[in-house]
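Structural overview for review
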Amino acid sequence: MNSARILRGAALLGLAFPTLYASALRLLFLRILARQRVGDLGPLLARLAPDVHFVFPGESSWAADLRGREAVEAWERRFLAAGLELEPREILVSGPPWNTKIALHFDDHLTSEAGERVYENRGVIFGTVAWGKLKDFIVYEDTQKLGPLDEYLDRTEAAA
(Lines give C-alpha, C1' and ligand atoms only; values in the text may rest on other atoms or scores of the structure.)
Protein backbone atom coordinates (compact mmCIF):
# COMPACT_ATOMS: atom_id res chain seq x y z
CA MET A 1 0.00 0.00 0.00
CA ASN A 2 1.49 3.38 -0.93
CA SER A 3 1.83 6.37 1.39
CA ALA A 4 -0.89 8.42 -0.32
CA ARG A 5 -3.48 5.69 0.22
CA ILE A 6 -2.40 5.28 3.84
CA LEU A 7 -2.81 9.00 4.43
CA ARG A 8 -6.17 9.29 2.70
CA GLY A 9 -7.45 6.45 4.80
CA ALA A 10 -5.81 7.88 7.90
CA ALA A 11 -7.44 11.29 7.35
CA LEU A 12 -10.87 9.70 7.08
CA LEU A 13 -10.13 7.61 10.15
CA GLY A 14 -9.04 10.74 12.00
CA LEU A 15 -12.45 12.24 11.65
CA ALA A 16 -14.29 9.16 12.87
CA PHE A 17 -11.67 7.21 14.81
CA PRO A 18 -8.88 9.41 16.22
CA THR A 19 -6.99 6.47 17.77
CA LEU A 20 -6.81 4.65 14.44
CA TYR A 21 -5.70 7.84 12.70
CA ALA A 22 -2.91 8.32 15.22
CA SER A 23 -1.81 4.70 14.75
CA ALA A 24 -1.78 5.04 10.96
CA LEU A 25 0.24 8.26 11.11
CA ARG A 26 2.68 6.70 13.58
CA LEU A 27 3.15 3.74 11.22
CA LEU A 28 3.67 6.06 8.26
CA PHE A 29 6.43 7.98 10.07
CA LEU A 30 8.11 4.74 11.16
CA ARG A 31 8.20 3.69 7.49
CA ILE A 32 9.59 7.08 6.46
CA LEU A 33 12.35 6.78 9.08
CA ALA A 34 13.16 3.22 8.00
CA ARG A 35 13.60 4.40 4.40
CA GLN A 36 15.74 7.31 5.57
CA ARG A 37 18.06 4.93 7.46
CA VAL A 38 18.86 3.22 4.15
CA GLY A 39 19.49 6.54 2.40
CA ASP A 40 16.09 7.04 0.74
CA LEU A 41 14.74 10.53 1.43
CA GLY A 42 11.91 10.20 -1.10
CA PRO A 43 9.17 9.27 1.38
CA LEU A 44 10.19 12.09 3.76
CA LEU A 45 10.35 14.69 0.99
CA ALA A 46 6.93 13.59 -0.27
CA ARG A 47 5.45 14.31 3.17
CA LEU A 48 6.94 17.82 3.50
CA ALA A 49 4.65 20.76 2.86
CA PRO A 50 6.07 23.07 0.16
CA ASP A 51 6.54 25.82 2.77
CA VAL A 52 7.77 23.51 5.56
CA HIS A 53 9.61 25.25 8.41
CA PHE A 54 12.46 23.35 10.08
CA VAL A 55 14.45 24.54 13.11
CA PHE A 56 17.55 22.95 14.62
CA PRO A 57 18.65 25.26 17.45
CA GLY A 58 22.19 25.88 18.60
CA GLU A 59 25.56 27.23 17.55
CA SER A 60 26.98 24.18 15.75
CA SER A 61 27.30 23.75 12.01
CA TRP A 62 24.04 21.79 12.22
CA ALA A 63 22.03 24.78 13.48
CA ALA A 64 19.30 25.73 11.03
CA ASP A 65 16.16 27.77 10.56
CA LEU A 66 15.01 26.63 7.13
CA ARG A 67 11.93 27.13 4.97
CA GLY A 68 10.95 25.05 1.98
CA ARG A 69 11.50 21.48 0.83
CA GLU A 70 14.76 22.16 -0.99
CA ALA A 71 16.43 23.70 2.07
CA VAL A 72 15.28 20.86 4.33
CA GLU A 73 16.39 18.29 1.75
CA ALA A 74 19.92 19.76 1.70
CA TRP A 75 20.12 19.55 5.51
CA GLU A 76 18.82 15.95 5.50
CA ARG A 77 21.30 14.94 2.77
CA ARG A 78 24.14 16.32 4.88
CA PHE A 79 22.85 14.28 7.85
CA LEU A 80 22.92 11.11 5.74
CA ALA A 81 26.29 11.90 4.12
CA ALA A 82 27.86 12.32 7.57
CA GLY A 83 26.77 8.77 8.42
CA LEU A 84 24.47 9.78 11.26
CA GLU A 85 21.75 7.32 12.17
CA LEU A 86 18.48 8.20 13.85
CA GLU A 87 16.68 5.46 15.76
CA PRO A 88 13.06 6.16 16.74
CA ARG A 89 12.11 5.24 20.30
CA GLU A 90 8.55 6.49 20.51
CA ILE A 91 6.15 8.51 18.37
CA LEU A 92 3.27 10.40 19.94
CA VAL A 93 0.41 11.69 17.77
CA SER A 94 -2.45 13.94 18.85
CA GLY A 95 -5.07 16.07 17.18
CA PRO A 96 -7.29 16.17 14.10
CA PRO A 97 -5.99 15.62 10.53
CA TRP A 98 -5.84 19.37 9.82
CA ASN A 99 -3.73 20.17 12.93
CA THR A 100 -1.96 17.06 14.16
CA LYS A 101 0.88 17.37 16.65
CA ILE A 102 3.60 14.75 16.45
CA ALA A 103 6.54 14.10 18.76
CA LEU A 104 9.33 11.68 17.95
CA HIS A 105 11.62 10.59 20.80
CA PHE A 106 14.86 9.35 19.22
CA ASP A 107 18.46 8.33 19.72
CA ASP A 108 21.03 9.27 17.12
CA HIS A 109 24.62 8.23 16.73
CA LEU A 110 27.63 8.03 14.46
CA THR A 111 29.90 5.02 14.27
CA SER A 112 33.36 5.37 12.73
CA GLU A 113 34.59 3.08 9.96
CA ALA A 114 36.63 1.31 12.67
CA GLY A 115 33.41 0.55 14.55
CA GLU A 116 33.92 3.12 17.32
CA ARG A 117 30.85 5.03 18.48
CA VAL A 118 32.09 8.62 18.07
CA TYR A 119 28.80 10.42 18.71
CA GLU A 120 25.66 9.64 20.67
CA ASN A 121 22.73 11.85 21.45
CA ARG A 122 19.03 11.67 22.12
CA GLY A 123 16.24 14.10 21.68
CA VAL A 124 12.75 14.92 20.53
CA ILE A 125 11.46 16.21 17.24
CA PHE A 126 8.19 18.10 17.64
CA GLY A 127 6.09 19.04 14.64
CA THR A 128 2.75 19.81 13.08
CA VAL A 129 1.13 17.73 10.35
CA ALA A 130 -1.84 18.97 8.31
CA TRP A 131 -3.61 16.54 5.99
CA GLY A 132 -0.55 14.30 5.86
CA LYS A 133 1.99 17.03 5.16
CA LEU A 134 4.65 18.00 7.68
CA LYS A 135 4.20 21.77 8.11
CA ASP A 136 6.86 22.49 10.72
CA PHE A 137 9.25 20.68 13.00
CA ILE A 138 11.93 21.48 15.52
CA VAL A 139 14.66 19.26 16.95
CA TYR A 140 15.47 19.37 20.65
CA GLU A 141 18.66 17.54 21.63
CA ASP A 142 21.85 18.15 23.58
CA THR A 143 23.55 20.68 21.29
CA GLN A 144 26.69 20.63 23.49
CA LYS A 145 27.51 17.25 21.94
CA LEU A 146 27.54 18.69 18.43
CA GLY A 147 30.82 20.59 18.82
CA PRO A 148 32.84 17.39 19.22
CA LEU A 149 30.87 15.85 16.34
CA ASP A 150 31.78 18.80 14.10
CA GLU A 151 35.46 18.42 15.12
CA TYR A 152 35.40 14.70 14.33
CA LEU A 153 33.79 15.27 10.93
CA ASP A 154 36.32 18.04 10.13
CA ARG A 155 39.20 15.66 10.99
CA THR A 156 37.82 12.81 8.88
CA GLU A 157 37.20 15.15 5.92
CA ALA A 158 40.74 16.55 6.19
CA ALA A 159 42.18 13.02 6.27
CA ALA A 160 40.22 11.94 3.18
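Reference entry: report on the structure contained in this document. (Residues numbered from 1 in each chain as written. Predicted model: local features only at pLDDT ≥ 70, side-chain atom pairs only at ≥ 80, totals over all residues. Heavy atoms only, no water.)

We now examine the packing of aromatic side chains. Summed over the entire model, instances satisfying the criterion amount to 6 aromatic pairs. Their ring planes at 75° and their centres at 5.7 Å tell us that Trp62 and Trp75 sit as a pair that is edge-to-face. Of this pair, Trp62 sits in the loop between strand E1 (48–56) and strand E2 (64–67) while Trp75 sits in helix H4 (residues 69–81), and the two are 13 residues apart along the sequence. With a centroid separation of 5.9 Å and an interplanar angle of 40°, the aromatic rings of Trp98 and Trp131 are classed as tilted. Here Trp98, found in the loop between strand E3 (85–94) and strand E4 (100–111), pairs with Trp131, found in the loop between strand E5 (117–130) and strand E6 (133–141); they are 33 residues apart in sequence, far enough to count as distant. A connected cluster of aromatic rings, assembled from ring pairs, spans Phe54, Phe56, Trp62, Trp75, Phe79 and Phe137. Cation over ring: Arg78 sits above Trp62, and NZ or CZ is 3.7 Å from the ring centre. (Phe/Tyr/Trp six-rings, centres within 6.5 Å; stacked < 30°, edge-to-face > 60°. Helix = DSSP H or I, 4+ residues; strand = E, 2+ residues; numbered from the N terminus. Lys NZ or Arg CZ within 6 Å of the ring centre and 35° of its normal.)

Between the first and last C-alpha of helix H5 (residues 146–159) there are 20 Å, a value that for 14 residues agrees with the 20 Å anticipated at 1.5 Å per step. Along H5, the residues classified as buried are Leu146, Leu149, Asp150, Tyr152 and Leu153. End-on view of H5: buried residues confined to an arc of 160°, all on one side of the axis. The exposed residues of H5 that point more than 90 degrees off its buried face are Arg155, Ala158 and Ala159. Buried-residue contacts for H5 involve E1, H4, E4, E5 and E6. (Expected span 1.5 Å × (residues − 1). Buried < 20%, exposed > 50% of the residue type's maximum accessible area, 1.4 Å probe, protein only. Arc of directions from axis to C-beta. Contact = heavy atoms within 4.5 Å.)

Looking now at the pairing of E6. Strand direction decides the pairing type here: E1 and E6, joined by 4 bridges, are parallel. Among the inter-strand pairings, Val55 is bridged to a residue of E6, identified as Ile138. Sheet topology note: the E5/E6 ladder contains 8 bridges and is antiparallel. Bridging across to E6, Ile125 finds its partner in Val139. Between E5 and E6, which pair antiparallel one after the other, the connecting turn spans 2 residues, and Trp131 there sits at a positive phi close to 50°. (Pairing = 2+ DSSP bridges.)

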